2 protein chains.
Amino acid sequence: MKELTVKVPAEKASEYRIEIGTDILSSVWPKIESQFGKAGKFIITDANVAKAGQLDKLVSGRNVSSYVISPGETSKNMNILVMIIEAMENAYLGRDTVVIALGGGVVGDIAGFAAAVFKRGVRVVQIPTTTLAQADSAIGGKTGVDSSLSKNAFGVFWHPSAVYIDVATLKTLDDRQYRAGLVESVKHALIADEKYFEFLESKLDAILHRQADVMEQVAYQNCRIKAQVVEADPTEKNQRRMLNYGHTIGHAVESASGFELLHGEAVAIGIVAAGMIEIEMGLGDDKRLARIKKLLTALGLAVTIPAKISKSELADIIKRDKKAINKWPRFVLIDTIGRVHRREGQWAVEVKQDVVENVLGKL
Amino acid sequence: MKELTVKVPAEKASEYRIEIGTDILSSVWPKIESQFGKAGKFIITDANVAKAGQLDKLVSGRNVSSYVISPGETSKNMNILVMIIEAMENAYLGRDTVVIALGGGVVGDIAGFAAAVFKRGVRVVQIPTTTLAQADSAIGGKTGVDSSLSKNAFGVFWHPSAVYIDVATLKTLDDRQYRAGLVESVKHALIADEKYFEFLESKLDAILHRQADVMEQVAYQNCRIKAQVVEADPTEKNQRRMLNYGHTIGHAVESASGFELLHGEAVAIGIVAAGMIEIEMGLGDDKRLARIKKLLTALGLAVTIPAKISKSELADIIKRDKKAINKWPRFVLIDTIGRVHRREGQWAVEVKQDVVENVLGKL
């Protein structure tokens, strides 16, 4: 018998810059050129974003290879990923390629995953154009596509090399998507910052009118909160789990709706479910939950499970959750608005299956 | 305009153990259990390996979920990957899962990739059962599957958590595969160790008779050489490129043959092509190339491009190479047996397209 040990050296720390502004899209390309030089660029976007003129603003007449996917979660699948990678191969792109994700969460997730797996990893720049992506998915390095069974069943952690947030792109977003995406902002406030929750409550009108200066502040607070959490635990061993507040049941509701519900719409229901679990477990009260429901409702979001979703299917999907251990996931809960409940150092805690099923029954 | 910087912390260094022995397969499972405890296990293997009894030896009657792919490079595609991931989801496996790759290079590559992307990354144990996988693919963390255009178009670096090499598994390998896989041993000798090259020349009979003590030494030398290179440059920024000796043209020949040629058979041709390029560039002579060809021929390998492969197609495939910059890859060349040619600190150097095309014409 012989044996050897292979040492895998530490990977160096790195960092990336997030720039937030209004009407900055047409000035982004020179910045990308100055950061990456002559490296091949490949843009991934969706038909709505292109139709809204964002792609034209970004490239301003330059000749850049791009791939335009159909809008919506159903595009986040392995067939589209294969087509994207083969398009990149057909453009003879090399290991120095920079993928540029221009769009919402679906575009960012699939483009990030494509960058992570193309030739064993190339760089990606995220240019989020939706409330969801600007608040959440464009930063933090989560990438992935869905399987026929669950969301983000395929994926890796792959951090962007730069992020550009232009809140002017939100102007062309349809109202339903705009509102649904704001749920991630509510989530950030709930887990990390009561003052930010009050800010959202007080600036509701400006937010719903997509007022640029307020939306820059919203983007900044979201990035600040998310960056802190991700820096502390980039690969979600523990603390980063707090970002899944409302998401365990939210993801399941989203899947069970056949993606008729938008991600944020489903997470709003998940946040209310978390609030009900908190009450069951003595961590919260009706008054706090009513305050949260009021904000979500003011954003135009439903706070109950649609009648056509089967609750037994929901429980089955929850068992398949990425975070599941022994077929039941842990849940993120809050002690107060702005502070996550921790038990024995864990940011996601055990909740008995019957407590969850009981809450689902009432939702 | 607002800006933030997100810090991505360094990833810790890690290490993994390689155990090499004869008839150790049936004693591996308790070691896996002791390393990983109750975490869910999922075995990926192929029908030949299962038929040869290796899967039974490994599990020894235990009830373990497994997925058996068809043998051969054509299984290394995204459809099979999707089926593997969905099988893992249907087994309700969590983030603590350990994927166990039992088989050759195809099994190791696809299982490693499946582990890397399942729920954003779970652990993998490599148990290589072929000369190719024991020499090369099971260590070093390269994973991937092919696109319709090129090999390993999809992939990531994902290091195993343990490697078990049982040279007794080589006994059931068919002769063609056995011989082809030895080419990676020849490659290791050529790039790193002249004494090992002499060892291979002198032990040819024992090697071809699959004599266990000699094959343990071969496995050990391969792992030693590869581990050194990988430790110095895990993600192939420069030095690790030396492991691609013979592979740039080899991969292209393999693709152009529609995978009728085995990987090692194609790399043997690629090694000869590298030798011819070395002569053209004044780095080698006919005598050295003749010595290399003699060893490859003694292993039963062809050293010319099959007539039915189109040479213009070859050049086109080379342009798509993962390592290509501006549509033409760099090449690894040697100064002498055991030492890679370096130019300006680079382990892969520029070779003009007409020099390569000239060599292809003569091959």
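What counts as what
- Residues numbered from 1 in each chain as written.
- Chains lettered and ligands numbered in written order.
- Predicted model: local features only at pLDDT ≥ 70, side-chain atom pairs only at ≥ 80, totals over all residues.
- Helix = DSSP H or I, 4+ residues; strand = E, 2+ residues; numbered from the N terminus.
- Rg over C-alpha atoms; globule rule 2.2 N^0.38 Å.
- Buried ≥ 20, exposed ≤ 12 C-beta atoms within 10 Å, placed from the backbone.
- Pairing = 2+ DSSP bridges.
- Axes fitted to C-alpha atoms, helices over the stretch in contact; angles between N-to-C directions.
- pLDDT = per-residue confidence, 0-100.
- Expected span 1.5 Å × (residues − 1).
- Arc of directions from axis to C-beta.
- Contact = placed C-beta atoms within 7 Å.
- Domains from an automatic or database assignment.
- Nonpolar A, V, L, I, M, F, W, Y, C, P; charged D, E, K, R; others polar.
- Parallel < 35°, antiparallel > 145°, perpendicular 65-115°, else oblique.
- Left-handed = near helix turned anticlockwise from the far one by under 90°.
- Right-handed = clockwise from strand over helix to strand, strands pointing away.
- Least-squares fit on C-alpha atoms with pLDDT ≥ 70 in both.

What to know about the overall build of chain A
(1) Moving on: Across its full length, chain A holds 16 helices and nine strands.
(2) Moving on: Against the 2.2 N^0.38 benchmark of 21 Å for 363 residues, chain A shows a C-alpha radius of gyration of 20 Å, consistent with a compact globule.
(3) Moving on: Taking the principal axes of the C-alpha coordinates as reference, chain A spans close to 70 × 60 × 35 Å.
(4) Moving on: Taken over 363 residues, chain A has a buried fraction of 53%.

Overview of the sheet that holds strand 2 (residues 14-21) of chain A
(1) Moving on: Pairing is mixed across the open sheet formed by seven strands, whose spatial order is 4(A)-3(A)-5(A)-6(A)-7(A)-2(A)-1(B). One side of each edge strand has no neighbouring strand; the edge strands of this open sheet are strand 4 (65-69) of chain A together with strand 1 (2-8) of chain B. Across the sheet, the axes of successive neighbouring strands diverge by a mean angle of 15 degrees, strand direction being ignored.
(2) Moving on: Where strand 3 (residues 41-46) of chain A lies against strand 4 of chain A, five bridges are found, and the strand directions are parallel.

Remarks on the confidence of the model for chain A
(1) Moving on: Per-residue confidence for chain A gives a mean pLDDT of 94; residues scoring 70 or more make up 99%.
(2) Moving on: Interface confidence for the predicted complex, given as ipTM, is 0.91, next to a pTM of 0.92.

Some points on helix 4 (residues 78-90) of chain A
Residues spaced three or four apart along an α-helix point in a common direction, a consequence of the helix completing one turn every 3.6 residues.
(1) Moving on: A rise of 1.5 Å per residue sets the reference length of helix 4 of chain A, with its 13 residues, at 18 Å; its end C-alpha atoms lie 18 Å apart and thus fit the reference within 8%.
(2) Moving on: Buried residues of helix 4 of chain A: Met78, Leu81, Val82, Ile84, Ile85 and Met88 of chain A, and no others. Projection of helix 4 of chain A onto a plane perpendicular to its axis shows the buried side chains occupying an angular sector of 160 degrees, all on one side. What points out from helix 4 of chain A, more than 90 degrees from its buried face, is the exposed set Asn79 and Asn90 of chain A.
(3) Moving on: Each element contacted by the buried residues of helix 4 of chain A is listed here: strand 3, strand 4 and helix 5 (105-117) of chain A together with helix 4 (78-90) of chain B.
(4) Moving on: In the segment just after helix 4 of chain A, Tyr92 of chain A is the residue with positive phi, at about 55 degrees.

Quick look at the domain arrangement of chain A
The parts lose accessible area when they come together, and the size of an interface is often stated as this lost area.
Residue and element names in this part refer to chain A.
(1) Moving on: When its domains are assigned, chain A resolves into domain 1 (17-173) and domain 2 (230-362).
(2) Moving on: Taking only C-alpha atoms into account, the centre of domain 1 sits 28 Å from that of domain 2.
(3) Moving on: Each side of the interface is counted separately: domain 1 has 11 residues, and domain 2 has 12 residues.
(4) Moving on: Class assignment of the residues belonging to the side of domain 1 that touches domain 2 gives a composition of three nonpolar, six polar and two charged.

Section: the environment of Asn222 of chain B
Residue and element names in this part refer to chain B.
(1) Moving on: You can see Asn222 is positioned in helix 11 (residues 212-232).
(2) Moving on: The class of Asn222 is buried, set by 25 C-beta atoms lying within 10 Å.
(3) Moving on: Setting aside chain neighbours within four positions, we find Asn222 in contact with Ala135, Asp136, Glu184, Ser185 and His188.

Some remarks on the pairing of strand 7 (residues 162-166) of chain A
Both faces of the sheet carry side chains from a regular strand, because those side chains alternate between them.
All names here are of chain A.
(1) Moving on: Counting buried positions along strand 7 yields five of five residues, so the element is predominantly enclosed.
(2) Moving on: Of the two faces of strand 7, the one holding Ala162, Tyr164 and Asp166 and the one holding Val163 and Ile165 are both buried throughout.
(3) Moving on: In this structure, strand 2 lies alongside strand 7, joined through five bridges in parallel fashion. Bridge pairing links Glu19 to Tyr164 in strand 7.
(4) Moving on: In the sheet, strand 6 (residues 123-128) pairs with strand 7 via two bridges, with the strands oriented parallel.

Here's the deal with the interface of chain A and chain B
(1) Moving on: Contact residues are listed per partner, giving 62 residues for chain A and 62 residues for chain B.
(2) Moving on: Among the elements that make up the side of chain A that touches chain B, the one with the highest residue count is strand 2 of chain A (eight residues).
(3) Moving on: The class makeup of the residues in the side of chain A that touches chain B is 29 nonpolar, 11 polar and 22 charged.
(4) Moving on: By the bridge criterion, seven bridges tie strand 2 of chain A to strand 1 of chain B in an arrangement that is antiparallel. Each residue of the ladder has a partner; that of Glu15 of chain A, found in strand 1 of chain B, is Lys7 of chain B.

With respect to the packing of helix 12 (residues 247-256) of chain B against helix 15 (residues 311-319) of chain B
Residues and elements named next belong to chain B.
(1) Moving on: The N-to-C vectors of helix 12 and helix 15 enclose an angle of 120 degrees; their axes lie 9 Å apart at closest approach. Judged on the interaxial angle alone, helix 15 and helix 12 are oblique. Handedness of the crossing formed by helix 12 with helix 15: right-handed. Facing Thr248, Ile249, Ala252, Val253, Ser255 and Ala256 of helix 12, the residues of helix 15 in contact are Glu313, Leu314, Ile317 and Ile318.
(2) Moving on: A per-class count over the contact of helix 12 with helix 15 returns seven nonpolar, two polar and one charged.

Some words on the pairing of strand 5 (residues 98-103) of chain A
Residues and elements named next belong to chain A.
(1) Moving on: Most of strand 5 sits inside the fold, with six of its six residues counted as buried.
(2) Moving on: Sheet topology note: the strand 3/strand 5 ladder contains five bridges and is parallel. In the sheet register, Ile44 faces strand 5, and the bridge partner there is Ala101.
(3) Moving on: Of the pairings in the sheet, the one linking strand 5 to strand 6 comprises six bridges and is parallel in character. Paired with Ile100 across the strands is Val125, a residue of strand 6.
(4) Moving on: Where the polypeptide runs from strand 5 across helix 5 and back to strand 6, its parallel neighbour, the crossover connection is right-handed.

Let's talk about the packing of helix 12 of chain B against helix 13 (residues 263-280) of chain B
All names here are of chain B.
(1) Moving on: Running from N to C, helix 12 and helix 13 point in directions that differ by 135 degrees, and their axes come no closer than 7 Å. Put simply, helix 12 runs oblique to helix 13. Both helix 12 and helix 13 take part in a crossing whose hand is right-handed. Residues His247, Thr248, Ile249, Gly250, Val253 and Glu254 of helix 12 lie in contact with helix 13, whose contacting residues are His263, Ala266, Val267, Ile269, Gly270 and Ala273.
(2) Moving on: Broken down by class, the residue content of the contact of helix 12 with helix 13 amounts to six nonpolar, five polar and one charged.

A word on the relation of the copies chain A and chain B
(1) Moving on: Each copy of the sequence occupies a distinct position, and chain A is placed on chain B by a rotation of 180 degrees and an axial shift of 0.0 Å, giving an RMSD of 0.0 Å. Between the two chains, the operation in question is that of a two-fold axis. For chain A, the smallest separation between a C-alpha atom and the rotation axis is recorded for Glu11 of chain A, amounting to 2.4 Å.
(2) Moving on: When the interface residues of chain A are mapped onto chain B, 100% of them are again interface residues, pointing to one common binding face.

Examining the environment of Arg224 of chain A
All names here are of chain A.
(1) Moving on: Mapped onto the elements, Arg224 comes out in helix 11 (residues 212-232).
(2) Moving on: Residue classification places Arg224 among the partly exposed residues on the basis of 17 C-beta atoms within 10 Å.
(3) Moving on: Here the alpha-carbon distance between Arg224 and Gly72, two residues 152 residues apart in the chain, equals 27 Å.

Some words on helix 14 (residues 286-298) of chain A
Residue and element names in this part refer to chain A.
(1) Moving on: Over its 13 residues, helix 14 extends 18 Å from the first C-alpha to the last, a length consistent with the 18 Å expected when each residue adds 1.5 Å.
(2) Moving on: Within the span of helix 14, buried status applies to Ile292, Leu295 and Leu296. In an axial view of helix 14, the angular spread of the buried residues amounts to 100 degrees, which keeps them on one side of the axis. For helix 14, the exposed residues lying more than 90 degrees away from the buried face are Asp286, Lys287, Ala290, Lys294 and Thr297.
(3) Moving on: In this structure, the buried residues of helix 14 make contact with helix 8 (183-192), helix 9 (194-202) and helix 13 (263-280).
(4) Moving on: Backbone geometry just after helix 14 places Gly300 at a positive phi near 85 degrees.

A word on the sheet that holds strand 2 (residues 14-21) of chain B
(1) Moving on: An order of 1(A)-2(B)-7(B)-6(B)-5(B)-3(B)-4(B) is seen for the seven strands of this open sheet, with the pairing classed as mixed. Looking at strand neighbours, the two that pair on one side only are strand 1 (2-8) of chain A together with strand 4 (65-69) of chain B, the edges of this open sheet. Strand-to-strand twist in this sheet, taken as the mean axis angle between neighbours without regard to direction, amounts to 15 degrees.
(2) Moving on: Running over the sheet, helix 11 of chain B touches strand 1 of chain A together with strand 2 and strand 7 (162-166) of chain B and is turned about 15 degrees from strand 1 of chain A.

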